[in-house]
Amino acid sequence: MYYQPLTQDHGLRHSPIKALVIPRPIGWISTLDAQGRPNLAPYSFFNVVCDAPAMVMFSSSGEKDSLRNCQETGEFVANLVSARQTKAMNISSTAVPSEVDEFQLAGLQAIASHSVKAPRVKDAPAALECKLHDIIELPSSQPGRRNAMVLGLVTGVFIDDAYIKDGMVDQEAMQMLARCGYRDYATVERVFEIGRPDD
Ligand SMILES: Cc1cc2nc3c(=O)[nH]c(=O)nc-3n(C[C@H](O)[C@H](O)[C@H](O)COP(=O)(O)O)c2cc1C
């Protein structure tokens, strides 16, 4: 099949786009609002986009609390999600009023970060503390619905020592959770190494 998404319908039960670009890592974004109230939500339009300096992005489909908080405070934490946090991660995606603390809602402990005021998720295997670099406005197919990409400069990196082995991150042990299409998820359970041709 082939279709041009700006002008043609795909004819499938759901848009296939999010089932094609898989797996997507999940940035579990923690922020504070202007009053200092914590907020937590998962974003799978998320990735690292540069490594020196390390920078990450997440994008908001609609103007959500995480986007608004980044705009107001200029910082966020991108927590990484292990399969062990699947249930809590999902609960934290509930659409609740902005004053509701999703850490509490999902039964999670917030712990202080070092380089930003926003807390991180205590049980997350790793977390990237970020200062806001830019917010890039994106086109929107739905009039009045804001789409925006938040870019952050990583100013602090937390890694649970349990996942460091022989000076390397034990990627299999972390069992990272990833988003696939529809309501589907995957876990990173087996990794393998391939040397570069010119190594
Ligand atoms: C695994 C997962 C990934 C998600 N990814 C995104 C995303 O990339 N962009 C987005 O706008 N919403 C995404 N959502 C939905 C948000 O988490 C949800 O709208 C949440 O209530 C937003 O919270 P906030 O208003 O506190 O930021 C995702 C939900 C789940 C469960």
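Each chain carries its own residue numbering, running from 1 in the written order of its sequence. Restriction of local features to residues with pLDDT of at least 70 applies here, the model being predicted, together with a cutoff of 80 or more for giving and counting side-chain atom pairs; totals for whole chains, interfaces and linings are based on all residues.

Colleague: So what about the nonpolar core? Which residues, and what values?
Modeller: Each nonpolar core comprises buried Ala, Val, Leu, Ile, Met, Phe, Trp, Tyr and Cys residues, the members being joined through C-beta atoms within 7 Å. Exposed residues have 12 or fewer other C-beta atoms within 10 Å of their own C-beta, buried residues have 20 or more, and residues in between are partly exposed; the C-beta atoms are placed from the backbone. Residues W28, V77, A78 and C130 are the most contacted members of the largest nonpolar core, which totals 32 residues. Each helix is a run of H or I in the DSSP string that is no shorter than four residues. Each strand is a run of E no shorter than two, and both are numbered from the N terminus. Elements that contribute at least two residues to this core include exactly strand 2 (27-32), strand 3 (38-43), strand 5 (54-61), helix 2 (65-73), strand 6 (75-80), helix 3 (86-91), strand 9 (126-138) and strand 10 (147-159). The dominant element in this core, judged by the number of residues it contributes, is strand 6, at four residues. This entry defines residue contacts through backbone-placed C-beta atoms, with two residues in contact when those atoms are within 7 Å. Contact partners of W28, with chain neighbours within four places excluded, come to L40, P42, N79, V81, M89, V121 and A124.

Colleague: Any chance you could break down the sheet that holds strand 6 for me, citing the residues and the numbers?
Modeller: Strand pairing is assigned whenever DSSP detects at least two bridges linking the two strands. Across the sheet, seven strands lie side by side as 3-2-6-9-10-5-4; this open sheet has antiparallel pairing. Every interior strand has two partners, whereas the edge strands, strand 3 and strand 4 (46-51), have only one. Geometrically, the sheet is characterised by an average inter-axis angle of 35 degrees between neighbouring strands, direction not taken into account. Comment: axis = line fitted to C-alpha atoms, over the contacting stretch for helices; angle = value between 0 and 180 degrees taken between N-to-C directions. In the packing of helix 2 onto the sheet, the strands contacted are strand 2, strand 3, strand 5, strand 6, strand 9 and strand 10, and the crossing angle to strand 2 comes to about 50 degrees.

Colleague: Quick one: what's the story with the pairing of strand 9, residue by residue and with numbers?
Modeller: Looking at chain direction, strand 6 and strand 9 are connected through six bridges and run antiparallel. Within strand 9, the residue paired with E75 across the bridge is K131. Here strand 9 runs beside strand 10; their pairing, made up of twelve bridges, is antiparallel. For C130, the partnering residue across the bridge sits in strand 10 and is V154.

Colleague: A description of the site of the ligand should follow, citing residues and the corresponding values.
Modeller: Taken together, 18 residues lie near the ligand, and A41, F45, K64, D65 and S66 sit nearest. Elements with a contribution of two residues or more to the shell around the ligand: strand 3, strand 5 and helix 2. It is strand 3 that provides the largest number of residues to the shell around the ligand, a total of four residues. Whether a residue is near a molecule or strand depends on its C-beta atom, placed from the backbone, lying within 6 Å of it.

Colleague: I'd like a rundown of the environment of S141, residues and numbers included.
Modeller: By the element assignment, S141 lies in the loop between strand 9 and strand 10. Taking the C-beta count within 10 Å as the criterion, S141 has 8 such neighbours and is therefore assigned exposed. For S141 and L6, which are 135 residues apart along the polypeptide, the C-alpha to C-alpha distance reads 8.7 Å.

Colleague: I'd like to hear about the sheet that holds strand 1 (residues 24-25), residue by residue, with values.
Modeller: Pairing in this open sheet of three strands is antiparallel, and the strands run 1-13-14 from one edge to the other. Looking at strand neighbours, the two that pair on one side only are strand 1 and strand 14 (185-187), the edges of this open sheet.

Colleague: Please provide a residue-by-residue account of helix 2, values included.
Modeller: Within the sequence span of helix 2, burial applies to D65, S66, L67, N69 and C70. Considering only its buried residues, helix 2 is in contact with strand 2, strand 3, strand 5, strand 6, strand 9 and strand 10. Phi turns positive one or two residues past the end of helix 2, at G74, with a value near 75 degrees.

Colleague: Tell me about the pairing of strand 10, and name the residues and values.
Modeller: As paired strands, strand 5 and strand 10 are joined by seven bridges and run antiparallel to one another. Bridge pairing links M57 to L151 in strand 10.

Colleague: Requested: an account of the environment of R179, with residues and values cited.
Modeller: Residue placement: R179 occurs in strand 13 (residues 177-179). Taking the C-alpha atoms as reference points, R179 and P25, 154 residues apart in sequence, are found 6.3 Å from one another. R179 has contacts with P23, R24, I26, S44 and Y185, leaving out every residue within four places of it along the chain.

Colleague: Summarise unusual backbone geometry; cite the residues concerned and give the values.
Modeller: Cis peptide bonds are those with omega within 30 degrees of zero, and the linkage from I22 to P23 qualifies with -10 degrees. Note that P23 resides in the loop between helix 1 (17-20) and strand 1. If you check the backbone angles, D166 has positive phi at about 50 degrees while not being a glycine. By the element assignment, D166 lies in the loop between strand 11 (164-165) and strand 12 (168-169). A positive phi is found at Q175, a non-glycine position, where the angle reads about 50 degrees. Position of Q175 among the secondary structure elements: in the loop between helix 5 (171-174) and strand 13.

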